[in-house]
Structures are given as C-alpha cells and as structure tokens.
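# Coordinate analysis (summary)
Residues per chain, in single letters:
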Amino acid sequence: MGGLARLEYRGYDSAGIAVGATQSLTVVKAVGKLANLTSELDTVGPLEGRAAIGHTRWATHGQPTTANAHPHTSLDGDLALVHNGIIENATQLHASLLAEGYTFVSDTDTEVVAHLLAREFLADSEDGDTVGHGVEIEGVPEDAAGTAGALARAMNRVMSQLDGAFTLLAMHAEAPGVIVAARRSSPLVIGLGKNENFLGSDALAFSEHTQRALEVGQDELVVVTPTAVTIIGVEGEPATKKFLEIDFAHDRVTKDGWPTFMEKEINEQPRAIADTLADRLDAEGYLTLDELRIPSEVLRTVDKVIIIACGTAAYAGHVARYAIEHWCRIPVEVELAHEFRYRDPVVNEKTLVVAVSQSGETMDTIMAIRHAREQGARVVAVVNTPGSTISRESDAVLLTHAGPEIAVASTKAFTAQITATYILGLYLAQVRGNKYIDEIQDYLDKLSEIPGKVSEVLKRGELVRMTARTLVDENSVIYLGRHVGFPVALEGALKLKEIAYIHAEGFAAGELKHGPIALIEEGQVVIIIVPTPRRPELHRKVVSNIQEVRARGARTIVVAEDGDESVNEFAETVFRVPPTPTLYAPLLAVVPLQVFACELATAKGLDVDQPRNLAKSVTVE
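Notes on the structure in this doc start here. (Residues numbered from 1 in each chain as written. Predicted model: local features only at pLDDT ≥ 70, side-chain atom pairs only at ≥ 80, totals over all residues. Heavy atoms only, no water.)

Grouped burial of nonpolar side chains is what soluble globular proteins tend to show. In terms of nonpolar packing, the biggest core is built from 99 residues, with Ile307, Trp327, Leu352, Tyr422, Tyr479, Leu496 and Phe596 touching the most fellow members. Ranked by the residues each element gives to this core, the list is headed by helix H19 (residues 586-603), at twelve residues. Among all residues touching tryptophan 327, those that are not within four sequence positions of it are Tyr422, Gly425, Leu426, Ala429, Asn434, Lys435, Tyr443, Leu583 and Tyr584. Leu81, Ala90, Tyr102 and Leu162 belong to the second-largest nonpolar core, a separate cluster that totals 39 residues. (Core = buried A, V, L, I, M, F, W, Y, C linked by side-chain atoms within 4.5 Å. Buried < 20%, exposed > 50% of the residue type's maximum accessible area, 1.4 Å probe, protein only. Helix = DSSP H or I, 4+ residues; strand = E, 2+ residues; numbered from the N terminus. Contact = heavy atoms within 4.5 Å.)

Written as structure tokens, this is what we have:
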C-alpha cells in the first residue's frame, strides 16, 4: 500500500491488491482514492503472504468500477494479474475466448490477458522450474518450482499473442512466493532488497526500501522471488542484468512539511536548475557533457534540430528553439510527438532529434524517436529519469537533475528541461564553432544567476497568491506573450486548465488582432508576459497589446521586470521579476504563473497534486 501511495501521482481512479498465501489468493479492490481501498482492507482483516501485487488504474477500457479495477483473476481464482498499457488486439482475443466458453466480469483488456494466461498455464505440458531455452528460475521453493516454471512459460507464450504496449505482473496460488512479469514499451523496474525484492512501474514505488535496482529490457520476462531475480531475454536466453542506482533522498519523495507536492516542487526550482547546471565545465573552462555520446564530428554536420515532446515538455522545447537558433544558427522545429511520425517528417542522418520527457516513458515520444532513428537521425534524450525507456533508446542522454516530481502538473521539470536544453544549445554552439569559449562562459555565468533570481521571485509570492484568491469565480483567463514569452503564456494557461479546471488559452500577442481580441469583454482576465525594456521593439509591441485589451474592459495582470514602470498605468496588478537576459526570462516569468494556478486551485478546494482525468506519465499512445 505504501508503494501504491508513492505512485498516486501518476493519476488513477481505482485500486486493488492481490496477496498470495499458501494455496490461496486474496483480492481486494475499490473505486476512488487509496483510502477507499484501505477501508476495504480493514473489513477483510490482516492479510498474510509471501508475495503481493497492487495496481492503481487510470481507466482506458471500461469505466471506473470495482469490476474493472485490477487485479483481474482467472475463472478459478487461482491466478491474478495487473497490467499497465493497452492491448490493441484485445477485441479479437476477447471474441476468441468467448467462443471457447470463457466468461468475463469486466470491460477491460486486462481480463482478456488474465484468461489467456490461465489457458496457457493449464495447457503447459512441461515440467520443472525452467523457461525458454532451459533457463533455470532461481530462488523458487521446491514445492512451487513446477508452478513457477509453468507460469513463466505461459507468460512467454502470451506475450507473443499480444499487440500493443504493456507491463504485466502475475502470481498464482500454488506459487505464493513468486511473481512473473513481462514488459513491452511500458516501464518496469526491479528493486533489490535483502531477502525481499520489488517490482514497480517507477522506482519511487520501492525507494523507501532500497536504492538498488535493475532495468528490464524490451520484451524481457522476469521471475522474482524474495531471494532471487531471473531475467529471460527475447529469444529465451538469460538476459544481462543492468544495474541502476536510485538517487532519491527521502525528503525529495515526501511533502517535507509543504501542504502539497506542487507547492514543494515550485519551491524546489532554484535547486533543480542549479543541480542541472552543476559540473558542466572542464579544467580548461570548456562546456563538457560527458553523457552526450555523439561524436563531435557528427554534431558538426547537423543541419536541422527537431525537438519532440508533449504538453509542458513541448513548451520547454519552444523556449529552447529561440536559444538554439540564436546561438547555433541552424533551424529548429518543435513537434508534438504524437503528430511527428504520422506526417512523414523530413528526417535524415544530418538531423538531430531532441526528445524531451520528464518521465522518459511518454509513449508518443518513444514511438517518435523510434521513427526518427529508423530514418538515420541521432537522438538526444532530455529526461529526468535515468534508465527510462527514452533514455535507453536514445543515442545520448542529458539528464535534468530535478529529483522526483510527484505532482501531476509539471513545474520544476519544466524549468529544469529549459535549463538542460540551454546547456545543449551552448554545447552545440561550442562544438560547431558558433561561439567562442569566453562567450559561452558569459552565457553560463548569467545562467548560473538564475537560481538566486527564482528564489527572489518565490519570496514575492504573496501578491500572486492574494490576486489568485480573488479569481476563484472566473471561468476564463487569457494569456498573452511574444517571443520567448509566448511559450510561457501557453504553459501558464496549461497550468490553470490542469489544476483549476478553468478554461484558459495562451496566445502569441501578435495574434490578438487576428481573432482572439473578439473574446475580450468587460471583466475578462488577461495575463500578459512583458519582455524586458532592453528589447524596446518587442517591449513596445506588448505594451500596445495591454492597452488594446484594457481599452475593451479587460482586467489586466502583468508579469514585468523590476523597474519597468511603463506598464503601471495599464495593469491592475503587476507581478515583478528581476532583470535577466531575454532568452533566460522564461525561467523567471513562469514562476508566478505556477504559483498563481496553484493558489487559485487551492482556493477552489481542489486537489492540485492529482487533478481529475490526468496521469503524470502517459504510457499509452
């Protein structure tokens, strides 16, 4: 239950567990929050066993009901299964099983897999605790060896019948100390303890118990007992164990005194940015990215950069576009990952693809990078999770060192992603000769000042929070920005939509007169991100936009630099940020928008950490 609680941030609408004791399985499920499952467990009484599987479900096939919650069981109740992902050929398999006389109690694709697994288990004709090419399963008690071997072989056969993305965990009453698992394009990590082992879709699930983990590769089969882990490869061979050290300090996976994870993570941004910047220069002062395993001569031939991402990560990519094009003088495109591979993109061996994802498990982005690599492109992953699928399938990895982000609405991951892409852009400029070393050091020196400036913005948060509390009854907010302020407007609007359930739209301020100004009426709240007065042409344009909406009765809230007095007469409220170079301004301007959304949602009595209908990591395409 503690492990499931640590995975609540992924989003869910029901939960359940199965506990295996000698010759029996106990399954308990409930709709809604984990507290409801806890209440159900209290009515059952203490459960004893040597293995258990649990699951928090985010509805795909079938509505959130107890019947549709996981685990799902075989008809005889001896086998239990949990599943992440989507089985794309579930409809055909369901029809086939119905024809064979199987009955279903749920609307899920997962129950289809449970019945398939039970069928293959019962049909197994081999003996002993081996699977594949005679691979022996370790750590299985003698009285459970036959069952464990049969379950592993059954899982192996079932995998070949499934299309789609999945992680599967199964247990059987006759092998109460054994869990069999498999994964395809969906995350699975093994935690290694002392006389106890763990499986999780995220290492956070077991980080309280162990910091040692194993990666599970694509289409690999796993058998876990309290004392041993057996991993079987795609061809049935023993797989090489890939160890992963988890660096999650206890205070980074708890609220640590903050009311919500989102508030904690907003306030962790100075540290996240500083940690992402740390140790990037060598003894001679050159920017060095040890984890970037793409030869310099290849990077010098790159003639186009494509940034692929979804949601908040895509907005970070839009900010990066301005910086990389400015520093490197090569074209940069920003693509939504779920659109990228379906539009026949122009990609070749001279294209550098940058995949941005907090979790490293975003299915749309995984499929996009696979398509890009098939076309010959090199891929750099910007992720927050070492050992994730995107990091493993990319040519190089640039880690954001933000620490675990638990709140569904991304905050510190966004600013860490922008920071990491700035570093990548400066490194490309260095390798390609676009910037001299002293220029790059100057950019880095100014970037190193950002954590302190973000801290200053956070100290000024009371005006932001007070303003937010006056808007709890609003049903529409418009955000405007130009240049790097445009993606900040998009991100500010997304935050408000995600956690406060208020309709919000971000627009490029120049688009105002091309349609959106029709939305402006008396009392309409408009939030404007104003560029530095040191860019007078940009600044004048945005001040004109403020005047235009104010003249039509809008309530204007402005994010502006200290000392920019020109906005005062046109703004009802001004959120001030310290002066900073134009390209770095998003790292400051977005912070009051995050605080604003968080406070407004809190004032409405909403759960800012787990907004409705959303999941932290979107692992289905």
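Read on, since the account is not over.
The next subject is the environment of glycine 16. The residue glycine 16 is located in strand S1 (residues 14-21) in this model. Between the C-alpha atoms of glycine 16 and glutamate 569, which are 553 residues apart in sequence, the distance is 57 Å. Apart from residues lying up to four places away in sequence, glycine 16 is in contact with Leu4, Val28, Lys29, Leu37, Ile53, Gly54, His55, His70 and Pro71.

It is worth spelling out the pattern of salt bridges at this point. Counted according to the given criterion, the structure contains 31 salt bridges. Across the salt bridge formed by glutamate 456 and arginine 460, the nearest N and O atoms sit 3.1 Å from each other. Residue glutamate 456 is classed as partly exposed on the basis of its relative accessible area, which comes to 30%. For arginine 460, a relative accessible area of 27% corresponds to the partly exposed category. Among the ionic pairs, glutamate 491 bridges to lysine 495, the shortest N-O distance being 2.8 Å. In this pair, glutamate 491 and lysine 495 both sit in helix H17 (residues 485-500), four residues apart, roughly one turn of the helix. Judged by relative accessible area, which is 1%, lysine 495 ranks as buried. (Salt bridge = Lys/Arg side-chain N within 4 Å of Asp/Glu carboxyl O.)

Glancing now at the packing of aromatic side chains. The description of two aromatic rings rests on the distance between their centres and on the angle between their planes. Applying the stated criterion across every chain yields a total of four aromatic pairs. Aromatic pair phenylalanine 198 and phenylalanine 206: ring centres 6.0 Å apart, planes at 25 degrees, arrangement stacked. Measuring from centroid to centroid gives 5.9 Å for tryptophan 327 and tyrosine 422, while their planes differ by 70 degrees, and the two rings are edge-to-face. With tryptophan 327 in helix H9 (residues 311-328) and tyrosine 422 in helix H13 (residues 412-432), this pair connects stretches of sequence that are 95 residues apart. Looking at tryptophan 327, the relative accessible area reads 1%, which means it is buried. Owing to a relative accessible area of 0%, tyrosine 422 belongs among the buried residues under this scheme. By way of ring pairs, the aromatic residues Trp327, Tyr422, Tyr443 and Tyr584 are connected into one cluster. Its guanidinium or amino end placed over the ring of tyrosine 501, arginine 612 lies 3.9 Å from that ring's centre, counting from NZ or CZ. (Phe/Tyr/Trp six-rings, centres within 6.5 Å; stacked < 30°, edge-to-face > 60°. Lys NZ or Arg CZ within 6 Å of the ring centre and 35° of its normal.)

Another point: the sheet that holds strand S21 (residues 476-481). Across the sheet, five strands lie side by side as S22-S21-S23-S24-S25; this open sheet has parallel pairing. Edge positions in the sheet fall to strand S22 (503-508) and strand S25 (573-577), since each has one partner strand and no second. Adjacent strand axes in the sheet meet at a mean angle of 20 degrees when their direction is disregarded. In the sheet, strand S23 (residues 525-529) pairs with strand S24 (residues 555-561) via five bridges, with the strands oriented parallel. What sits directly across from isoleucine 529, in S24, is valine 559. This element, H19, spans S21, S23, S24 and S25 of the sheet and lies at about 130 degrees to S25. (Pairing = 2+ DSSP bridges. Axes fitted to C-alpha atoms, helices over the stretch in contact; angles between N-to-C directions.)

This part covers the packing of helix H7 (residues 269-277) against helix H15 (residues 450-459). Axis angle and axis distance: for two packed helices, these are the angle between their axes and the distance between the axes, and together they describe the pair. Viewed as axis vectors pointing N to C, H7 and H15 meet at an angle of 175 degrees, and their least axial separation amounts to 8 Å. On the basis of the axis angle, H7 is roughly antiparallel to H15. The segment H7 lies against H15, with Gln269, Pro270, Ile273 and Ala274 engaging Ile450, Pro451, Val454, Ser455 and Leu458. Broken down by class, the residue content of the contact of H7 with H15 amounts to seven nonpolar, two polar and no charged. (Parallel < 35°, antiparallel > 145°, perpendicular 65-115°, else oblique. Nonpolar A, V, L, I, M, F, W, Y, C, P; charged D, E, K, R; others polar.)

Everything listed is a geometric property; what it means functionally is a separate question.
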